Amino acid sequence: MASLIPSEKISIVVEDDRTGLSITTLKRAIADNLFYNQGKFPTIASKNDYYLALAYTVRDRLVHHWLNTVQTYLKQEVKVVCYLSAEFLMGPHLNNNLINLGIESRIRQAVEELGLDFQELVDQEEEPGLGNGGLGRLAACYLDSMATLEIPAIGYGIRYEFGIFDQEIRDGWQVEITDKWLQYGNPWEIARPEYSVQVNLGGHTETYVDRDGNYRVRWLPDRVIKGIPYDTPIVGYQVNTANTLRLWKAEAIESFNFQTFNIGNYYGAVNEKIYSENITKVLYPNDEQLQGKQLRLEQQYFFVSCSLQDMIRLHLSTGNSLDTFDGKFAIQLNDTHPAIAIAELMRLLIDERFMDWEQAWSITEKSFGYTNHTLLPEALEKWSLELFNRLLPRHLEIIYEINRRFLDRVRIKYPQDNDKLARLSLIDETGARYVRMAHLACVGSHAINGVAELHTHLLQQTVLKDFYQLFPEKFSNKTNGVTPRRWMVLSNPRLTKLICSKIGDSWIKNLDELRKLEQFVDDSAFCQQWQQIKQEVKQDLAIRIRQRTGIIVNPNSLFDIQAKRIHEYKRQHLNALHIITLYNCLKQNPNLDVIPRTFIFGGKAAPGYWMAKLMIKLINSVGEIVNQDPDICDRMKVVFFPDYNVTNAQPIYPAADLSEQISTAGKEASGTGNMKFSLNGALTIGTLDGANVEIREEVGAENFFLFGLTAAEVQQLKTKGYNPRDYYNSNPQLKAAIDLINSGFFSHGDTELFKPLTESLLNYDPYLLFADYQSYIDCQKKVSQAFRDRANWTKMSILNVARMGKFSSDRAIKEYCRDIWNVAPVPIELEDLCPDGQ
Ligand code: 7GP
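Quick caveat: nothing in here was measured; it's all calculated off a predicted structure.

Considerations on the site of the ligand
Taken together, 17 residues lie around the ligand, and Glu288, His373, Asn480, Glu668 and Gly671 are the ones closest in. At 2.6 Å from an oxygen atom of the ligand is found a side-chain nitrogen or oxygen belonging to His373. Separating an oxygen atom of the ligand from a backbone N or O atom of Ser670 is a distance of 3.0 Å. Of the pockets mapped on this structure, the ligand occupies the largest cavity. Classifying every residue of the shell around the ligand by side-chain character gives 5 nonpolar, 8 polar and 4 charged.

Considering the confidence of the model for the protein chain
Across the protein chain, the average pLDDT comes to 95, with 96% of residues at 70 or higher. Contacts from residues 1-5, a stretch scored under 50 in pLDDT, to residues over four places away or in other chains number 1 contact. Scored as a whole, the predicted complex attains pTM 0.96, and scored at its interfaces, ipTM 0.99.

Some remarks on the packing of helix 11 (residues 341-352) against helix 12 (residues 357-367)
Packing of helix 11 against helix 12 leaves a shortest axis separation of 9 Å and a crossing angle of 140°. Crossing angle aside, the handedness with which helix 11 passes helix 12 is right-handed. Residue-level contacts link Ile342, Leu345, Met346, Leu349 and Ile350 of helix 11 to Trp357, Ala360, Trp361, Ile363, Thr364 and Ser367 of helix 12. In terms of residue class, the contact of helix 11 with helix 12 is made up of 9 nonpolar, 2 polar and no charged.

Some points on helix 9 (residues 294-317)
Look at helix 9: 34 Å from first C-alpha to last across 24 residues, which is about the 34 Å you get at 1.5 Å a residue. With 18 of 24 residues buried, helix 9 lies mostly within the body of the structure. Phi turns positive one or two residues past the end of helix 9, at Gly319, with a value near 85°.

Description of the sheet that holds strand 16 (residues 427-428)
Strand order in the open sheet made by the 3 strands is 15-17-16, with antiparallel pairing throughout. Among the strands making up the open sheet, the edge pair consists of strand 15 (382-384) and strand 16. Summarising the sheet, strand 15 and strand 17 (residues 434-436) pair through 3 bridges and their orientation is antiparallel. Across the sheet, Ser384 pairs through a bridge with Tyr434, a residue of strand 17.

Some points on the pairing of strand 1 (residues 80-84)
In terms of burial, strand 1 is a largely internal element, 5 of the 5 residues being buried. On strand 1, burial covers both faces: Val80, Cys82 and Leu84 on one face and Val81 and Tyr83 on the other are all buried. The pairing of strand 1 with strand 4 (residues 153-158) spans 4 bridges and is classified as parallel. Across the sheet, the residue bridging to Leu84 is Tyr156, located in strand 4.

Topic: the layout of surface pockets
If a probe the size of a water molecule is rolled over the atoms, the empty space left behind becomes visible. Its volume calculated, the largest pocket comes out at about 1500 Å³. Lining the largest pocket are 49 residues, and of these Asn95, Gln119, Val122, Leu490 and Gln650 lie nearest its centre. Among the secondary structure elements, those contributing two or more residues to the lining of the largest pocket are helix 3 (94-101), helix 4 (104-113), helix 5 (118-122), helix 19 (484-490), helix 20 (493-503), helix 21 (524-549) and helix 24 (646-652). Broken down by element, the residue count for the lining of the largest pocket peaks at 6 residues, all from helix 21. By residue class, the composition of the lining of the largest pocket is 18 nonpolar, 15 polar and 16 charged. Among the domains, domain 1 (77-92 + 127-445) and domain 2 (493-807) are the pair contributing at least three residues each to the lining of the largest pocket. By volume, the second largest pocket is sized at about 560 Å³. In this structure, the second largest pocket is lined by 29 residues; those nearest its centre are Val70, Tyr73, Leu74, Ile154 and Leu314. Elements supplying a minimum of two residues to the lining of the second largest pocket: helix 2 (47-76), strand 4, strand 12 (242-252) and helix 9.

Regarding the side chain of Thr479
The residue Thr479 is located in the loop between strand 19 (475-477) and helix 19 in this model. We classify Thr479 as buried; its relative accessible area is 2%. Of note is the side chain of Thr479, whose polar atom sits 2.9 Å from the side chain of Asn477. Those residues in contact with Thr479, other than ones at most four positions away along the chain, are Tyr142, Val451, Ala452, Glu453, Met675, Glu694, Phe807, Arg811 and Ala812.

Topic: a nonpolar patch on the surface
There is a patch of nonpolar side chains on the surface, built from Phe35, Tyr36, Phe41 and Ile44 and spanning about 490 Å² of accessible area. When you line up the elements, Phe35 lands in helix 1 (residues 23-36).

Thoughts on the domain arrangement of the protein chain
Looking at the assigned domains, one finds that the protein chain contains domain 1 (77-92 + 127-445) and domain 2 (493-807). Residue-level contacts link 30 residues of domain 1 with 32 residues of domain 2. Counting the surface lost from both domain 1 and domain 2, the interface buries some 2600 Å², and carbon and sulfur atoms represent 56% of this. Ranking the residues of domain 1 by area buried against domain 2 places Gln167, Trp173 and Tyr237 at the top, with a combined share of 23%. Counting the contacts that link domain 1 with domain 2 gives 3 salt bridges.

Considering unusual backbone geometry
One non-glycine residue, Glu288, lies in positive phi territory at about 60°. Within the secondary structure layout, Glu288 lies in the loop between helix 8 (266-277) and helix 9. A positive phi angle, near 60°, is found at Gln416, a position not held by glycine. Assignment of secondary structure puts Gln416 in the loop between helix 14 (393-413) and helix 15 (418-424).

Considering the pairing of strand 13 (residues 329-334)
Counted residue by residue, strand 13 has 6 buried out of 6 residues, so it is predominantly covered. The alternating pattern of strand 13 places Phe329, Ile331 and Leu333 and Ala330, Gln332 and Asn334 on opposite faces, both of which are buried. Pairing analysis gives 5 bridges linking strand 1 to strand 13, with the strands arranged parallel. The residue of strand 13 that forms the bridge with Leu84 is Leu333.

Quick notes on the packing of helix 22 (residues 572-588) against helix 31 (residues 769-788)
Think of two packed helices as two axes; the pair is described by the angle between the axes and how far apart they sit. It is at 10 Å that the axes of helix 22 and helix 31 come closest, and there the two elements cross at 55°. Between helix 22 and helix 31, the interaxial angle falls into the category oblique. Crossing geometry of helix 22 relative to helix 31 is assigned as right-handed. Across the interface between the two elements, His573, Leu574, Asn575, Leu577, His578 and Thr581 of helix 22 pack against Leu769, Phe770, Tyr773, Tyr776, Ile777 and Gln780 of helix 31.

Thresholds applied
- Residues numbered from 1 in each chain as written.
- Predicted model: local features only at pLDDT ≥ 70, side-chain atom pairs only at ≥ 80, totals over all residues.
- Heavy atoms only, no water.
- Near = heavy atom within 4 Å.
- Polar contact = N/O pair within 3.5 Å; in protein donor to acceptor, adjacent residues only side chain to side chain.
- 1 Å grid on protein atoms, 1.4 Å probe; cavity = no way out; pocket = protein on both sides within 12 Å on 5 of 7 lines; lining within 4 Å.
- Sits in = over half its atoms within 2 Å of the grid points.
- Nonpolar A, V, L, I, M, F, W, Y, C, P; charged D, E, K, R; others polar.
- pLDDT = per-residue confidence, 0-100.
- Contact = heavy atoms within 4.5 Å.
- Axes fitted to C-alpha atoms, helices over the stretch in contact; angles between N-to-C directions.
- Helix = DSSP H or I, 4+ residues; strand = E, 2+ residues; numbered from the N terminus.
- Left-handed = near helix turned anticlockwise from the far one by under 90°.
- Expected span 1.5 Å × (residues − 1).
- Buried < 20%, exposed > 50% of the residue type's maximum accessible area, 1.4 Å probe, protein only.
- Pairing = 2+ DSSP bridges.
- Points joined across faces, edges and corners; volume = space filled by probe spheres on them.
- Domains from an automatic or database assignment.
- Patch = residues over 30% accessible without salt bridge, like charges linked within 9 Å, V, L, I, M, F, W, Y side chains within 5 Å.
- Areas by Shrake-Rupley, 256 points an atom, 1.4 Å probe, with all protein chains shown as cover.
- Salt bridge = Lys/Arg side-chain N within 4 Å of Asp/Glu carboxyl O.
- Buried area = accessible area lost by both parts, 1.4 Å probe.
- Parallel < 35°, antiparallel > 145°, perpendicular 65-115°, else oblique.

And the structure:
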């Protein structure tokens, strides 16, 4: 007799709650995690409990990728990129992981079917703000690209307990609030105390003779600290690869020093613990400004030593000898912050593994690459010999020896050129004596790179000129890039959808394919959709602005945005001078027909950088007057969006019409915000600085608003003798703007408040605002004119996006792999979870 129900109709698939992807399973997994991980009934669960339950549900679904990746690397003994960086500005993980795993829509559906608001849960995540700005965010984009390109990589850094401070604006001033990002737990990391290492500090060295009669050195430290690794998976976009971000936390060797404890010195014992844990307590919130603090050098040495010991452990664990170390690791120094790694690897190989100097040096040089991120002299790291010797006595000896051998070679190449020797030396002896970290990085690396064509060129002609003459073959350029996954797919879903509907989705992994959009610039329906999307995201941002600042802005106005760290060289105050100039014009001529603009600023100032903080106050003070002036009638609004970070940046880039990239030419190494804006369809007003030069080359001069002096002209003007007061005296508009500030008009009559800023401009103006002022004002007029023709503006916007292929971090990483690291992709196969069928 035939069965009542055909058998194929009753086949039931039971999915594992940890891996299954059906909506039913996902819902059950979230409920399960809520109950068993959070220990909560739905009735009393907070939003954060739900967020954590969701995060664990997603994490479960990537563990498989992660473990297989690690296993494959170990089994195949592949060469691994070790990206050493004091900063990784990752941004929130949840959404990014969903996109890269390709499970966003399912998860959203499951969450919504549970009666929860998906966005509300996403908003619960405290972003790991373990970086200041460009340098840290670049490291994060590179991790995404390496995983996506299936490049074996480990990001090594510091697990700061407090990341970059949260910014509040009170009475127009920046106020810093501690970033307690770990307070409600971090579901993305796994502690690996079993791989802890010890790091020494202080003390002294002594020589001894080993059994074979060789002279050796040992370091007798006076402090020993434990480094504990915390691992976070970095999932590639639609590949099986999940690489590792390994961040180190400092702890005392023993939780309590029992000897001290037993003799009754309880506080002394606890103090030692506190002292050790201090090392990874807080991120230094300065970008491009050296602080020279002992704790900072301790941080640098701590994470570098932990990471190198970890690499050696990994290498030896596969049965290899250290002779082949450089064939298995490509170590990239993200600026000089980890440059002490060069001396540390030498120490580990020579003192601890008894290798001879020549072999150790050959391995070291072949392993390291060094990326420079700034030409600003105040950012070039140097450490006083006194501090260095006190903290790292053995490393100072090694650096002296590296220097002795290096200068011997220089002497042969340039006989009797003592100036050259002094300029190249790893030790600065021009005044008080210092170790020059950039010099250590150059001598100890086989590759040195800048981050944009102009920047690399200037490096070779200025700060690293002598090194370039000595080793031209070490130098190359690697123009920065940004990941289109976070900075387009995640931040701008509407535009992503439109683009995919026209050219498919392969551009997400191969950004050059955006070129295919060019064929639609004359398709009026497409242009209309493009414009419509810009309008919608501007509306979204307008709502956020109102929520955060109370300011009501008009989404039809031109959104003119400058979002980046606040710094004199980035010239947010030049932008402010334009705003004041426009304001003066409107006051003089109230019926002037102008394009309504919303000026939006975002960015943090280093807490100790007084001038940058005053720039924030100026912007807010100008806003306070302009936004409420009835004569202006909503034709101008000035907004300072507080707490600019990755989370807040995501809705900002897509909403820009105009991107402000107005640094003094020759000062911005590359910029990456410039790329994110342009990728999202903003047009750029910018100088020929950093990667602006290459962006303009790619999008076409006719689609870029250029102004200002070139780097060469800046140099000439400075050499000739620059007098900002001449510009002030001869330019009535400029004079009116400065005078209005000085009159106390923006400061409730206080004529002193902004004096430090205006006086600095009038007397020094180190970043040549006055020299570029008129050119900037004229260019802004062209912007306004161009915005009147919306159809043409939209075309320019489309062409900007279509021509951004070069600025994918995938392109940049491929160049690093080919020219510096010599590593190749390693595809990951997902093995069965239970290979033996258990
Ligand atoms: C930044 C540069 O200012 C920026 O132009 C570049 O795009 C970015 O690095 C990535 O390369 N530098 C820093 O963030 C920084 O802190 C000091 O530099 C070493």
